[in-house]
2 protein chains.
Amino acid sequence: MKDDLIYGYIERLAALFRADARRAGGGKRLQPVQLEALHYLSICNRYSNTPAAVAEFLGLTKGTVSQTLRILQADHLIEKEIDQKDRRIVHLSPTERGRELVTRSIPPQRLQNAIGQLSEHTQDNIANALNLLLHNLQQANELKTFGLCKTCRYLRTEADQVHRCGLTEEHLHEDDTGKICREHTTAELPAPPRRGPRSRQPRPG
Amino acid sequence: MKDDLIYGYIERLAALFRADARRAGGGKRLQPVQLEALHYLSICNRYSNTPAAVAEFLGLTKGTVSQTLRILQADHLIEKEIDQKDRRIVHLSPTERGRELVTRSIPPQRLQNAIGQLSEHTQDNIANALNLLLHNLQQANELKTFGLCKTCRYLRTEADQVHRCGLTEEHLHEDDTGKICREHTTAELPAPPRRGPRSRQPRPG
DNA sequence: TGCCTAAGTATCGATCCGATACTACTTTAT
DNA sequence: ATAAAGTAGTATCGGATCGATACTTAGGCA
């Protein structure tokens, strides 16, 4: 078992990224968690941009995330909009300022320096190894995958390149299929959609 | 450039580890940073177990780390001892309780679940890919490596398996060479030891 | 002796974070 | 139709994180 070794490497890399995030931030100093929340909101689709989804993604409670989002909003980095169909739900979108900040800060400069020195082939190897590890970790522990919509088993592409989500039957724009979805389910998984006690329709994209 | 992808994977893995660390902790709930500090102190050699080294390793300021260590000491997870040669320096060692806690919590159960399912070969691939990435990141940004003493370019092994550090000329026990050293310098690096304006002797092990 | 530097601590304020309690809204059961 | 249960989100409290700043103690050096 190489778990000690692998854990050590990832912890080390993550610590360096966090230190980077702390020192960077571009003028308006953001905390690492704030930056991660902003980052998520800039790469998720329009059905996954709610406070609850951010909390799930970051592995924090919704109360904790609520404060972080309040700060981001106060700094004019995100905007809130109430869902008209279900008025309990809030949709969050990064402002232009917010998007610029994410683009400047992620990925961190140090990582770019390092990866730029590696061959395409080596980069692929690293990306594949990490993908495999993450995928295995999520599957072994039955965690949410937060994958791209276009890799979801419920995505159907019909005639004339019309995309449709098999869970909600909704039409999807091409753009949406390249973003992270909260309801993403890995294609290889034979498991059926878990329709537990909750009868609410999931809201995938 | 696969940097976006690679960053995403690592950030995701680290978030899961942190969530694990928060929920675990075994009775005495430790914060993720506290656990990481305790972990470091349980794998570093006797010359790298100071507050300053912990701060360097975690990428935090010494003031911040000082508080964390105070809490660990109050919980009887570490012990402090003043260096007799330089009485400014404090040496930190985990107590028996501290060591048990680290052993229980690191690596996290979820990672063990995931890695246990992979073949030896796949585990090696992942470990190698991460090692390469981390090594490259440290070298490209001139960061401290915090590697094992036995992989340091300054380690010399003399007759009768007597180990000696080329920087301090000190004798080293076999045990020490398997631990993390603050002054570790990667073997492949042709760079000379940086003896800058500081005239202090480094304290490798 | 006196100055400089280094290791470590103390304190403050902004933020993080979970726990708890609450409001507003939707869905379900009766 | 109405009550009950469940969900999304917010507010507040207390302990911890974290950087900035200022400080104490100790060693190095002229």
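These remarks concern the structure in this document. Only a predicted model underlies this, so the values are computations on that prediction, with no experimental measurement involved.

## Remarks on the overall build of chain A
Summing up its helical and strand segments, chain A has seven helices and five strands in all. From first element to last, N terminus to C terminus, chain A shows the α and β order α-α-α-α-β-β-α-α-α-β-β-β. Counting every position in chain A, which comprises 205 residues, the buried fraction comes to 49%. Expressed as a percentage of contacts within chain A between residues at least 6 apart in sequence, the contacts between residues at least 24 apart total 61%. For chain A, the computed accessible surface area is about 10900 Å², with 50% contributed by carbon and sulfur atoms.

## Some thoughts on the packing of aromatic side chains
For the coordinates displayed, the defined rule picks out eight aromatic pairs over all chains. Taking the centre distance of 6.1 Å and the plane angle of 85° together, the rings of Tyr 40 of chain B and Phe 146 of chain B count as edge-to-face. Of this pair, Tyr 40 of chain B sits in helix 2 (residues 32–43) while Phe 146 of chain B is found in the loop between helix 7 (120–140) and strand 3 (155–157), placing the two residues 106 residues apart along the sequence. Judged by relative accessible area, which is 7%, Phe 146 of chain B ranks as buried. Ring geometry for Phe 57 of chain B versus Phe 146 of chain B: centroids 5.0 Å apart, planes at 90°, classification edge-to-face. In this pair, Phe 57 of chain B is assigned in helix 3 (residues 51–58) and Phe 146 of chain B in the loop between helix 7 and strand 3, connecting sequence segments 89 residues apart. Grouping aromatic residues by their ring pairs yields a cluster made of Tyr 40, Phe 57 and Phe 146 of chain A. Above the plane of the ring of Phe 57 of chain B lies Arg 12 of chain A, whose end atom (NZ or CZ) is 3.7 Å from the centre.

## What about helix 7 (residues 120–140) of chain A?
With 21 residues, helix 7 of chain A extends 30 Å between its outermost C-alpha atoms, agreeing within 8% with the 30 Å of an ideal straight helix rising 1.5 Å per residue. Listed in full, the buried residues belonging to helix 7 of chain A are Thr 122, Gln 123, Ile 126, Ala 127, Ala 129, Leu 130, Leu 133, Leu 134, Asn 136, Leu 137 and Gln 138 of chain A. Where the residues of helix 7 of chain A are buried, they touch helix 1 (3–23) and helix 6 (109–116) of chain A together with helix 1 (3–23), helix 6 (109–116) and helix 7 of chain B. In the stretch just after helix 7 of chain A, Glu 142 of chain A is the one whose phi turns positive, near 55°.

## Focus: the pattern of salt bridges
In this structure the tally under the stated criterion is 17 salt bridges over all chains. Ionic pairing is found between Arg 46 of chain A and Asp 176 of chain A, a salt bridge with its closest N-O pair at 2.0 Å. Here Arg 46 of chain A, found in the loop between helix 2 (32–43) and helix 3 (51–58), pairs with Asp 176 of chain A, found in the segment after strand 5 (171–172); they are 130 residues apart in sequence, far enough to count as distant. Taking relative accessible area as the criterion, Arg 46 of chain A reaches 31% and is therefore assigned partly exposed. Asp 86 of chain B is the salt-bridge partner of Arg 88 of chain B, the closest N and O atoms lying 2.9 Å from each other. In this structure Arg 88 of chain B comes out as exposed when scored by relative accessible area, which is 70%. On the basis of relative accessibility, which here comes to 14%, the residue Asp 86 of chain B falls in the buried class. Within this structure, Arg 156, Glu 158, Arg 164 and Glu 169 of chain B form a network of salt bridges that share partners.

## Observations regarding the relation of the copies chain B and chain A
Superposing chain B onto chain A takes a rotation of 180° plus a shift of 0.0 Å along the axis, which leaves an RMSD of 0.1 Å. With respect to symmetry, the two chain copies, as superposed, fit the operation of a two-fold axis. Closest to the rotation axis within chain B is the C-alpha of Ala 14 of chain B, separated from it by 3.1 Å.

## What to know about the sheet that holds strand 4 (residues 163–165) of chain B
The strands making up a sheet associate through hydrogen bonds between their backbones, and the pairing can be parallel or antiparallel. Residue and element names in this part refer to chain B. Pairing within the open sheet is antiparallel, and its three strands lie in the order 3-4-5. This sheet does not close on itself; its edge strands, each paired only once, are strand 3 and strand 5 (171–172). In terms of strand pairing, strand 3 meets strand 4 through three bridges, oriented antiparallel. Paired with Arg 156 across the strands is Arg 164, a residue of strand 4.

## Some thoughts on the nonpolar core
Formed by 84 residues in total, the largest nonpolar core has its most connected members in Tyr 40 of chain A together with Tyr 40 of chain B. Among residues more than four places away in sequence, those in contact with Tyr 40 of chain B are Ser 48, Ala 53, Val 54, Phe 57, Phe 146 and Ile 180 of chain B.

## Quick look at the protein's contact with DNA strand D
In the vicinity of DNA strand D lie 26 residues, with Lys 62, Lys 80, Arg 88 and Val 90 of chain A together with Gln 34 of chain B positioned nearest. Taken together, the sugar and phosphate atoms account for 69% of what DNA strand D places within 4 Å of the protein. Sort the elements by how many residues they give to the surface near DNA strand D and helix 4 (residues 62–74) of chain A lands first, with four residues. Class assignment for the residues of the surface near DNA strand D results in seven nonpolar, nine polar and ten charged.

## A look at the sheet that holds strand 3 (residues 155–157) of chain A
On the basis of which strands lie adjacent, the open sheet formed by three strands has the order 3-4-5 (chain A) and antiparallel pairing. One side of each edge strand has no neighbouring strand; the edge strands of this open sheet are strand 3 and strand 5 of chain A.

## Re unusual backbone geometry
Only a minority of non-glycine residues have a phi that is not negative, and only a minority of peptide bonds are not trans. Residues and elements named next belong to chain A. In this model, Ile 106 is joined to Pro 107 through a cis peptide bond whose omega is -5°. Here Pro 107 lies in the loop between helix 5 (96–105) and helix 6. One non-glycine residue, His 76, adopts positive backbone phi at about 60°. One can find His 76 in the loop between helix 4 and strand 1 (78–82). The class of His 76 is exposed, set by a relative accessible area of 55%.

## Focus on the interface of chain B and chain A
Size of an interface, as often reported, equals the accessible area lost when the parts are brought together. On the chain A side, the residues contacting the 56 residues of chain B number 56 residues. The largest share of the area that chain B buries against chain A comes from Tyr 7, Tyr 9 and Arg 12 of chain B, three residues that together contribute 12% of it. Counting across the interface, chain B meets chain A through two salt bridges. Inspection of the chain B/chain A interface yields twelve residue pairs in polar contact (both at pLDDT 80 or more). Ranked by residues supplied to the side of chain B that touches chain A, first place goes to helix 1 of chain B with 17 residues. Residues of the side of chain B that touches chain A, tallied by class, amount to 32 nonpolar, twelve polar and twelve charged.

Reading guide: rules and limits
Residues numbered from 1 in each chain as written. Chains lettered and ligands numbered in written order. Predicted model: local features only at pLDDT ≥ 70, side-chain atom pairs only at ≥ 80, totals over all residues. Heavy atoms only, no water. Helix = DSSP H or I, 4+ residues; strand = E, 2+ residues; numbered from the N terminus. Buried < 20%, exposed > 50% of the residue type's maximum accessible area, 1.4 Å probe, protein only. Contact = heavy atoms within 4.5 Å. Areas by Shrake-Rupley, 256 points an atom, 1.4 Å probe, with all protein chains shown as cover. Phe/Tyr/Trp six-rings, centres within 6.5 Å; stacked < 30°, edge-to-face > 60°. Lys NZ or Arg CZ within 6 Å of the ring centre and 35° of its normal. Expected span 1.5 Å × (residues − 1). Salt bridge = Lys/Arg side-chain N within 4 Å of Asp/Glu carboxyl O. Least-squares fit on C-alpha atoms with pLDDT ≥ 70 in both. Pairing = 2+ DSSP bridges. Core = buried A, V, L, I, M, F, W, Y, C linked by side-chain atoms within 4.5 Å. Near = heavy atom within 4 Å. Nonpolar A, V, L, I, M, F, W, Y, C, P; charged D, E, K, R; others polar. Buried area = accessible area lost by both parts, 1.4 Å probe. Polar contact = N/O pair within 3.5 Å; in protein donor to acceptor, adjacent residues only side chain to side chain.

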